[in-house]
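Below, each chain spelled out in residue letters.
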Protein chains: 2
Amino acid sequence: MRRTTEFLFDQDTRLDPEGEGAFSAQITDLWNTAAGSPNGGYLMALCVRALSNGPAHPDPLVASAFFLRPASPGAARIRTETVRAGRRTRTGEARMRQDGKEIVRVVATFADFDRTEGRTLCLDPMPVLRPPEELIDPLAGFDLPGITVADRVEYRTGQPPGWLLGRPGGDPSMTFWMRFTDGREPDLLSLPFLADAACPVIMELGELPSATVELTLHLRARPAPGWLACRVNTRHVSGGFHEEDCDIWDSRGSLVAQSRQLAMLHGAG
Amino acid sequence: MRRTTEFLFDQDTRLDPEGEGAFSAQITDLWNTAAGSPNGGYLMALCVRALSNGPAHPDPLVASAFFLRPASPGAARIRTETVRAGRRTRTGEARMRQDGKEIVRVVATFADFDRTEGRTLCLDPMPVLRPPEELIDPLAGFDLPGITVADRVEYRTGQPPGWLLGRPGGDPSMTFWMRFTDGREPDLLSLPFLADAACPVIMELGELPSATVELTLHLRARPAPGWLACRVNTRHVSGGFHEEDCDIWDSRGSLVAQSRQLAMLHGAG
């Protein structure tokens, strides 16, 4: 398995192999969202890590996670299956269970980013953001009891989101910088968590945080160290369901990930 | 099973139940792409249809398909599994095999759109397009030998795409109307096909059609009869991989689907 470092993300995504593609994990309470349960991206990151241990194709390229039931801090078991191992890519499936019930199912395709070839073209450059040191921590001074995931990442933006000030602004979009608070650098295995750790822009519509049904993440390049520039937005709410797109660029201005999730508004469905 | 109608899509997505959640299907050669193999959305539609036959939750809400190997016209077998059946949603997995090899794996969540509740808000209205009768059929007069899928759908747009005229325009985006040529109306079960039947905008960059690795489709509402308004675009090509987003509105202006796929350029990887 990958080395355990001093960083919390690595400690809390440690996997103990149990043979035949199965792993045990300890989900901690340090990644809880407003719903009082562990962040979906944290669970997805555990599953993607479990799938990353092939002989080749170490780099996640695309992953889709279906969130079936809320997780709880405590023991979890992840069973993995190789779906197809080809020359250029490898696809696997991971099922995370707690107390015998399936919590998350992830299918993911891996590649080797050192061996991918082909053109790169960006028709949508990273958002224009002032340097992080000229911006504010939007959560500074706010008490978010129980939302432990807010202690794991920090943000820099021009102003706090309206909902945090009690005045939702009506525009469910946001651009900001993000990084781990403990200095861990971003990498392909932490992007599934980071892509789901963005501020919930739906709250700008006066809604409570919604529940993710499915999240698909495209990984595009290994991120450079430093802050990540993020743009999150929702364009359509339909019968209580909405998408949330998150594009992430690294400190060198390269697009490193695109995520899209389908989520259900609190009280809808 | 659903009724077989006089329409080709329904004939060619007919499923014969074999018990225990398994179905046999006959993939025809009437949905072939430029790669000479059946369109991925057609295969995805077969899998989604196989999963749709639950006692409740008839409507696909979100589906993710991983394309593992090219399919061939001929017999296929789809094995389905109920992952979780809850009150508001049901999630299932389908695996399509040909000659014992897995071709496509689909995970999908279903809901009942008659029973979903919650607000609807559109912050991104449908593209401004002149009425279909004032536009042209961009494929009229072009011979696309072997690309049988081009006979299944028809498009209306302002002008043919540059690549078709031998002059790729450099902008991988397009807005157009789309419908089945035989008069079949769109519905939730045909949208997985239609979302993948859009013109391959990557060809505007001078590329050959690319191979889809994964496609996620969000279904938002049952489409009204008539033409579908589509907007397709690619914003990022990274090391030979690119996303392609497709938003689809119905003839009444309601968003009915959003798809995003990760695809590999021809010759890349």
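Keep in mind that this is a model prediction, so the values were computed, not measured.

## Describing the relation of the copies chain A and chain B
Phase 1: Placing chain A over chain B gives an RMSD of 0.0 Å and needs a rotation angle of 180 degrees, together with 0.0 Å of translation along the axis. Considering both components of the superposition, the chain copies are consistent with a two-fold axis.

## So, the packing of aromatic side chains
One pair of aromatic rings is described through two measures. These are the centre distance and the angle between the planes.
Phase 1: Scanning the model with the defined rule gives 14 aromatic pairs over all chains in all.
Phase 2: The interplanar angle of 75 degrees and the centroid separation of 6.0 Å between the aromatic rings of A:Phe9 and A:Trp31 together place this pair among those described as edge-to-face. Remark: A:Trp31 occurs in the loop between strand 2 (22-27) and helix 2 (40-51) and A:Phe9 occurs in helix 1 (residues 8-12); sequence separation between them is 22 residues. Neither A:Phe9 nor A:Trp31 differs from the other in exposure class; each is buried.
Phase 3: Centre to centre, the rings of B:Phe180 and B:Phe193 are 5.9 Å apart; their planes meet at 20 degrees, and the pair counts as stacked. Taken together, the positions of B:Phe180 in strand 9 (residues 173-180) and B:Phe193 in helix 3 (residues 191-194) put the pair 13 residues apart, joining distant regions of the chain.
Phase 4: Among the residues examined, B:Phe180 registers a relative accessible area of 3% and is labelled buried.
Phase 5: Classification of B:Phe193 by relative accessible area gives buried; the value is 0%.
Phase 6: Through pairs of rings, three or more aromatic residues link up here, namely A:Phe9, A:Trp31, A:Tyr42, A:Phe180 and A:Phe193.
Phase 7: If you follow A:Arg90 out to its NZ or CZ, it ends over the ring of A:Phe110, 4.8 Å from the centre.

## Some words on the nonpolar core
Phase 1: Of all hydrophobic cores here, the largest spans 154 residues; its most connected members are A:Val106, A:Phe193, B:Met96, B:Val106 and B:Phe193.
Phase 2: Not counting chain neighbours up to four residues away, the residues in contact with A:Val106 comprise A:Met44, A:Cys47, A:Val48, A:Leu51, A:Ala63, A:Ser64, A:Ala65, A:Gly92, A:Glu93 and A:Ala94.

## Examining the pattern of salt bridges
Phase 1: Evaluated as defined, the whole model comprises 50 salt bridges over all chains.
Phase 2: Among the ionic pairs, A:Arg77 bridges to A:Glu18, the shortest N-O distance being 2.6 Å. Of this pair, A:Arg77 sits in strand 4 (residues 74-85) while A:Glu18 sits in strand 1 (residues 15-19), and the two are 59 residues apart along the sequence.
Phase 3: A residue is classified by how much of its surface remains accessible, and A:Arg77, at 36% relative accessible area, is partly exposed.
Phase 4: Its salt-bridge partner being A:Asp187, residue A:Arg184 comes within 3.0 Å of it at the nearest N-O pair.
Phase 5: Put simply, A:Glu81, A:Glu93, A:Arg95, A:Glu102, A:Arg105, B:Glu81, B:Glu93, B:Arg95, B:Glu102 and B:Arg105 are held in one network by salt bridges that share partners.

## Some thoughts on the environment of B:Ala268
Phase 1: Take B:Ala268: it is sitting in the segment after strand 14 (255-264).
Phase 2: The spacing of B:Ala268 and B:Pro209 is 59 residues in sequence and 12 Å in space, taken between C-alpha atoms.
Phase 3: With sequence-adjacent residues up to four places away left out, B:Ala268 is seen in contact with A:Arg88, A:Glu117, A:Gly118 and B:Gly240.

## Looking at helix 2 (residues 40-51) of chain B
Residues and elements named next belong to chain B.
Phase 1: Taking 1.5 Å per residue, twelve residues should reach 16 Å; helix 2 reaches 17 Å between its end C-alpha atoms and fits that length.
Phase 2: For helix 2, a buried count of twelve out of twelve residues is recorded, marking the element as mostly surrounded by other parts of the structure.
Phase 3: Those residues of helix 2 that sit buried are Gly40, Gly41, Tyr42, Leu43, Met44, Ala45, Leu46, Cys47, Val48, Arg49, Ala50 and Leu51.
Phase 4: Structurally, the start of helix 2 carries an N-cap: the backbone nitrogen of glycine 41 is 2.7 Å from a side-chain oxygen of asparagine 39.

## A closer look at the interface of chain A and chain B
Phase 1: Contact residues are listed per partner, giving 60 residues for chain A and 60 residues for chain B.
Phase 2: Buried surface at the junction of chain A and chain B, both sides included, amounts to about 5,400 Å², of which 55% is carbon and sulfur.
Phase 3: Three residues, A:Arg119, A:Arg220 and A:Arg260, lead the burial of chain A against chain B; their summed loss comes to 13% of the area buried on that side.
Phase 4: At the boundary of chain A with chain B, the tally comes to 18 salt bridges.

## So, the pairing of strand 14 (residues 255-264) of chain A
All names here are of chain A.
Phase 1: Burial within strand 14 is extensive, with ten of its ten residues counted as buried.
Phase 2: In this structure, strand 10 (residues 211-219) lies alongside strand 14, joined through eight bridges in antiparallel fashion. Counterpart to leucine 219 in the pairing with strand 14 is alanine 257.
Phase 3: The pairing of strand 13 (residues 241-249) with strand 14 spans nine bridges and is antiparallel. By the bridge assignment for strand 14, isoleucine 248 is matched with alanine 257.
Phase 4: What sits between strand 13 and strand 14 in their antiparallel hairpin is a turn of five residues, with glycine 253 showing a positive phi close to 90 degrees.

## A word on the pairing of strand 4 (residues 74-85) of chain B
Side-chain direction in a regular strand flips from residue to residue, so the side chains alternate between the two faces of the sheet.
All names here are of chain B.
Phase 1: Across six bridges, strand 2 (residues 22-27) lies against strand 4 in antiparallel orientation. Across the sheet, the residue bridging to glutamine 26 is alanine 75, located in strand 4.
Phase 2: Pairing of strand 4 with strand 5 (residues 90-98), which is carried by eight bridges, proceeds in the antiparallel orientation. By the bridge assignment, arginine 84 is partnered in strand 5 with threonine 91.
Phase 3: Counting the residues between successive antiparallel strands, the hairpin from strand 4 to strand 5 contains four residues.

## Details of the confidence of the model for chain A
Phase 1: Of the residues in chain A, 98% have a pLDDT of 70 or more, and the chain-wide mean is 94.
Phase 2: Model confidence for the complex: the whole-complex pTM is 0.97, and ipTM, which rates the interface, is 0.96.

The rules behind these values
Residues numbered from 1 in each chain as written. Chains lettered and ligands numbered in written order. Predicted model: local features only at pLDDT ≥ 70, side-chain atom pairs only at ≥ 80, totals over all residues. Heavy atoms only, no water. Least-squares fit on C-alpha atoms with pLDDT ≥ 70 in both. Phe/Tyr/Trp six-rings, centres within 6.5 Å; stacked < 30°, edge-to-face > 60°. Helix = DSSP H or I, 4+ residues; strand = E, 2+ residues; numbered from the N terminus. Buried < 20%, exposed > 50% of the residue type's maximum accessible area, 1.4 Å probe, protein only. Lys NZ or Arg CZ within 6 Å of the ring centre and 35° of its normal. Core = buried A, V, L, I, M, F, W, Y, C linked by side-chain atoms within 4.5 Å. Contact = heavy atoms within 4.5 Å. Salt bridge = Lys/Arg side-chain N within 4 Å of Asp/Glu carboxyl O. Expected span 1.5 Å × (residues − 1). Polar contact = N/O pair within 3.5 Å; in protein donor to acceptor, adjacent residues only side chain to side chain. Buried area = accessible area lost by both parts, 1.4 Å probe. Pairing = 2+ DSSP bridges. pLDDT = per-residue confidence, 0-100.

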